[in-house]
Amino acid sequence: MKGVILSICPTARLIDLTHAIQPQNVRQAAYVLLSAYSYMPPQTIFVAVIDPGVGTSRKPIAVQTNHGIFVGPDNGLFGYIVKHVEVRKVVALQNPKYMLPAVSATFHGRDIFSPMAAHLAQGVAIDQLGSALHRLEMLSLPRFEATSEAIHGEILYIDHFGNLITSIGRLTWNADDMLSLVPFFDPQLQTDIPLPKAIRPESCAVQLANRIIEPIYLTYSAVPKNEVLALINSAGQLEIAVNQGNAAQALNAHVGQPVTLHLNHEDYS
Amino acid sequence: MKGVILSICPTARLIDLTHAIQPQNVRQAAYVLLSAYSYMPPQTIFVAVIDPGVGTSRKPIAVQTNHGIFVGPDNGLFGYIVKHVEVRKVVALQNPKYMLPAVSATFHGRDIFSPMAAHLAQGVAIDQLGSALHRLEMLSLPRFEATSEAIHGEILYIDHFGNLITSIGRLTWNADDMLSLVPFFDPQLQTDIPLPKAIRPESCAVQLANRIIEPIYLTYSAVPKNEVLALINSAGQLEIAVNQGNAAQALNAHVGQPVTLHLNHEDYS
Amino acid sequence: MKGVILSICPTARLIDLTHAIQPQNVRQAAYVLLSAYSYMPPQTIFVAVIDPGVGTSRKPIAVQTNHGIFVGPDNGLFGYIVKHVEVRKVVALQNPKYMLPAVSATFHGRDIFSPMAAHLAQGVAIDQLGSALHRLEMLSLPRFEATSEAIHGEILYIDHFGNLITSIGRLTWNADDMLSLVPFFDPQLQTDIPLPKAIRPESCAVQLANRIIEPIYLTYSAVPKNEVLALINSAGQLEIAVNQGNAAQALNAHVGQPVTLHLNHEDYS
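Residues numbered from 1 in each chain as written. Chains lettered and ligands numbered in written order. Predicted model: local features only at pLDDT ≥ 70, side-chain atom pairs only at ≥ 80, totals over all residues. Heavy atoms only, no water.

Undergrad: Please provide a residue-by-residue account of the pairing of strand β7 (residues 164-169) of chain C, values included.
TA: All names here are of chain C. Where burial is concerned, most of β7 is hidden: 6 out of the 6 residues are buried. Bridge count for strand β6 (residues 150-158) against β7 is 3 bridges, and the pairing is antiparallel. The residue bridging Tyr157 from the neighbouring strand is Ile165, located in β7. Where β6 folds back on β7, the antiparallel hairpin that results is connected by 5 residues, among which Gly162 adopts a positive phi of roughly 90 degrees. (Buried < 20%, exposed > 50% of the residue type's maximum accessible area, 1.4 Å probe, protein only. Helix = DSSP H or I, 4+ residues; strand = E, 2+ residues; numbered from the N terminus. Pairing = 2+ DSSP bridges.)

Undergrad: Which residues make up the relation of the copies chain B and chain A, and what values go with them?
TA: The two copies are related by a screw operation: chain B maps onto chain A through 120 degrees of rotation and 0.1 Å of translation along the axis, at an RMSD of 0.0 Å. Such a combination of rotation and displacement between the chain copies is what one expects of a three-fold axis. (Least-squares fit on C-alpha atoms with pLDDT ≥ 70 in both.)

Undergrad: Residues and numbers for the pairing of β6 of chain C, please.
TA: Residues and elements named next belong to chain C. Counted residue by residue, β6 has 8 buried out of 9 residues, so it is predominantly covered. With 5 bridges joining them, β6 and strand β15 (residues 258-262) adopt antiparallel strand pairing. Bridge pairing in β15 links Ala150 to His262.

Undergrad: Tell me about the relation of the copies chain C and chain A, and please be specific about residues and values.
TA: After a rotation of 120 degrees and a shift along the axis of 0.1 Å, chain C superposes on chain A with an RMSD of 0.0 Å. Interface residue correspondence from chain C to chain A reaches only 4%, placing this contact among heterologous pairings that use different surfaces. (Contact = heavy atoms within 4.5 Å.)

Undergrad: Could you give an account of the sheet that holds strand β4 (residues 87-92) of chain C, naming the residues involved and the relevant values?
TA: Residues and elements named next belong to chain C. Spatially, 4 strands are ordered β1-β3-β2-β4 in an open sheet, and the strand pairing comes out mixed. The sheet is open, and its two borders are formed by β1 (45-47) and β4, each paired with just one other strand. Each adjacent strand pair in this sheet contributes to an overall mean axis angle of 15 degrees, direction not counted. Where β1 lies against strand β3 (residues 68-73), 3 bridges are found, and the strand directions are parallel. For Phe46, the partnering residue across the bridge sits in β3 and is Phe70. Contacts from helix α3 (residues 108-121) reach β1, β2 (60-65) and β3 within the one sheet, and its direction differs from that of β3 by about 165 degrees. (Axes fitted to C-alpha atoms, helices over the stretch in contact; angles between N-to-C directions.)

Undergrad: Give me the interface of chain B and chain A: which residues, what numbers.
TA: With 18 residues of chain B at the interface, the matching set in chain A holds 24 residues. Around 1600 Å² of area is buried between chain B and chain A when both sides are counted, 62% of it from carbon and sulfur atoms. Among the residues chain B hides against chain A, the three largest losses belong to Arg13, Tyr39 and Ser234 of chain B. Together they make up 37% of the total. Inspection of the region where chain B meets chain A yields 0 salt bridges. Here chain B and chain A share 7 residue pairs in polar contact (both at pLDDT 80 or more) between them. Partitioning the side of chain B that touches chain A into residue classes produces 9 nonpolar, 7 polar and 2 charged. (Buried area = accessible area lost by both parts, 1.4 Å probe. Salt bridge = Lys/Arg side-chain N within 4 Å of Asp/Glu carboxyl O. Polar contact = N/O pair within 3.5 Å; in protein donor to acceptor, adjacent residues only side chain to side chain. Nonpolar A, V, L, I, M, F, W, Y, C, P; charged D, E, K, R; others polar.)

Undergrad: Describe helix α2 (residues 26-36) of chain C, listing the residues and the values that go with them.
TA: Side chains that are three or four residues apart share a direction in an α-helix, a result of its 3.6 residues per turn. Residues and elements named next belong to chain C. Of all the 11 residues making up α2, 10 are buried; the element is thus mostly covered by neighbouring parts of the structure. Listed in full, the buried residues belonging to α2 are Val26, Gln28, Ala29, Ala30, Tyr31, Val32, Leu33, Leu34, Ser35 and Ala36. The elements touched by buried residues of α2 are β1, β3, β6, β7 and β14 (237-242).

Undergrad: Outline the interface of chain C and chain A, listing residues and values.
TA: At the junction of the two partners, chain C supplies 24 residues and chain A supplies 18 residues. Summed over both sides, the interface between chain C and chain A buries roughly 1600 Å², with carbon and sulfur atoms accounting for 62% of that surface. When the area that chain C buries against chain A is broken down by residue, the three leading residues are Gln24, Thr106 and Arg110 of chain C, summing to 30%. Summed over the shared surface of chain C and chain A, the number is 0 salt bridges. On inspection of chain C and its partner chain A, the count reaches 7 residue pairs in polar contact (both at pLDDT 80 or more). Of all the secondary structure elements, the ones that give two or more residues to the side of chain C that touches chain A are α1 (2-8) and α3 of chain C. At 5 residues, the largest contribution of residues to the side of chain C that touches chain A is made by α1 of chain C. Taken together, the residues of the side of chain C that touches chain A break down into 11 nonpolar, 9 polar and 4 charged.

Undergrad: Summarise the pattern of salt bridges; cite the residues concerned and give the values.
TA: Residue and element names in this part refer to chain B. Applying the stated criterion across every chain yields a total of 21 salt bridges over all chains. With a shortest N-O distance of 3.1 Å, Arg88 and Glu86 are connected by a salt bridge. Using a relative accessible area of 43% as the deciding quantity, one classes Glu86 as partly exposed.

Undergrad: Which residues make up the packing of aromatic side chains, and what values go with them?
TA: Counted according to the given criterion, the structure contains 12 aromatic pairs over all chains. On the numbers, 5.4 Å between centres and 50 degrees between planes, the contact of Tyr31 of chain C with Tyr157 of chain C is tilted. One end of the pair, Tyr31 of chain C, is in helix α2; the other, Tyr157 of chain C, is in strand β6, with 126 residues separating them in the sequence. Of the two residues, Tyr31 of chain C and Tyr157 of chain C, neither departs from the other in class, the shared state being buried. Site record: aromatic cluster; members linked through ring pairs are Tyr37, Phe46, Phe70 and Phe78 of chain A. (Phe/Tyr/Trp six-rings, centres within 6.5 Å; stacked < 30°, edge-to-face > 60°.)

As structure tokens, this is what we get:
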């Protein structure tokens, strides 16, 4: 893919975001992309290839936004991103002029996405690549439900340290050491009670299976080595970790497992 | 290695092709290089370091071709490539002027291949690097034998998804949904009967141990999730896969295991 | 991190040194950095993020030396390097002007180290980043003790081939096939007897647990496939390996395990 890109656009700067997505895990890829995109230079062209349906009727697409262009399969991979950016145009990648001469049925990353991205980087207008598309494939959103006493979520993914990143967030530390909560994912769909305005971290308890983890800390080192803790990760999500250890192994956890943030009957008015 | 290259040639563009070759697996490396080289920009200098014999009498070499220059150990690593490109010159890398001042016996990638490649990129002529070499180390070719009823091959390598890439290929889909076969590896050595002119994929059956897999599909998603299938991969090789799963685990397969493509008594005249 | 760097310094050349450090293994990282830094271009800015104490009182620092600038946490990561280079200035990274606007407590690599490094690359003077620091966190040095009969060390780290790199070195092959020893790590602290001036490799025996490995070879291929051997690695350290195999598995070895180089009653006058 990089060879194809540099053959077409020799001045392209290439950044490897990650090669560590689990095979076919579109949801993990969508989350990692969401966590990282805003740190990339403004005109970045993102090429993403988690593509179990390659060669089938799922469309190759490009999504132009106010924060760069996203190129890849229309399988939900951009389903989280498009809830956070302003989408300006979506096209189905159809114009053979901007593909490799021979397109395989099993590696569109090399044969379609990379050359299309390289031509975009060379200044080709997105309209040249194919016709407009008016609906994107979406992922079902991860669990995020609020009551007055708790936020219910799930383990969204497990990183290479074994940290458990949950769907509960985006949580931000305030100046007064309280946490404010602005849902990472579209909240309207999932809750109809008002979210707490501020959360007192020392009053919280995180529940995973029968385990209660409390309170919420700022850093991994807030607890002794090998102890379990809850904290807010660098993307603003509630995370369960083991200081200098592997939480997934220690807690026998898996993606999709329910996690609850108990708010402990505090007053959030 | 990258530091050495950029110290000598600050304008070099570096592409990481792969760091996932199994330790010492020269044959896997030779195949991956063969699958990828033609997608790199035309004047690319390839540096490859799968080098179990580092420091012994195996020679460090550079191979100038019509599609870039290949730099690495003369241990067969370029043995597949040179059957697909026009070789113009081969030299043994001997000139200490273009090596690092201290050459270790265990890391020629850093001490010889990288600086030689960087000097080539800076415009040094290949003749300056050492004297001409007239014979390259070759790999024994993977099994590829034809009868009128079947093509016999083997598992060439297993990728990180667990897909089984076989030595049977290069197979290309024709406009009429037939497959044409042009051997990836030198056919004269291994078969003296004419190869079929066209193969009807729906008449084929692939055999791995006692398992019969049929027909040959275009895409992974042609079968339900977790089902085994045969298809043509993006390099044109016959591949055995599990849709969104791991074929190597599911079929308990290993590199070198025989694979047969039964042509089913069709008429290929 | 790369996105942050290129957003600030679009012309930066990025080299990935390694992503394969064991989680939280500061000592392994310090050794890998030490082995590699001198091969990077002279003005390189090194960003290193093995940072189990992220967000605690450990300081983010930049260390200006005669061989580039090192940016990362003050947790010992640069504790080996600074024994090999001339340290010119150390600053604590405090100036919010050169950090990201929002600094998380769990990812200083992205929020502090990367933007600071990018501003350095853009020409910002190190003094602008924070105030001078007069003491660096050091690692306890790996074991290295000499008697007239032996050098005692330990397994420093295990690489991805399973090779065992020891703390015994730096050993260099002389023109007369003898080895000379200049301690990689500060020797005064650990031994008060003179080190041998030259070591005859064929008189040496390496001991790991009850296993005796002799002599010291130049290359992996000096022994048949799958046999254990001792050799000097490309960083000058004594290494125990298995030719085309995995020594860590074969010998059931672990980091920190004692290793002895018996000098066999030779005369080193």
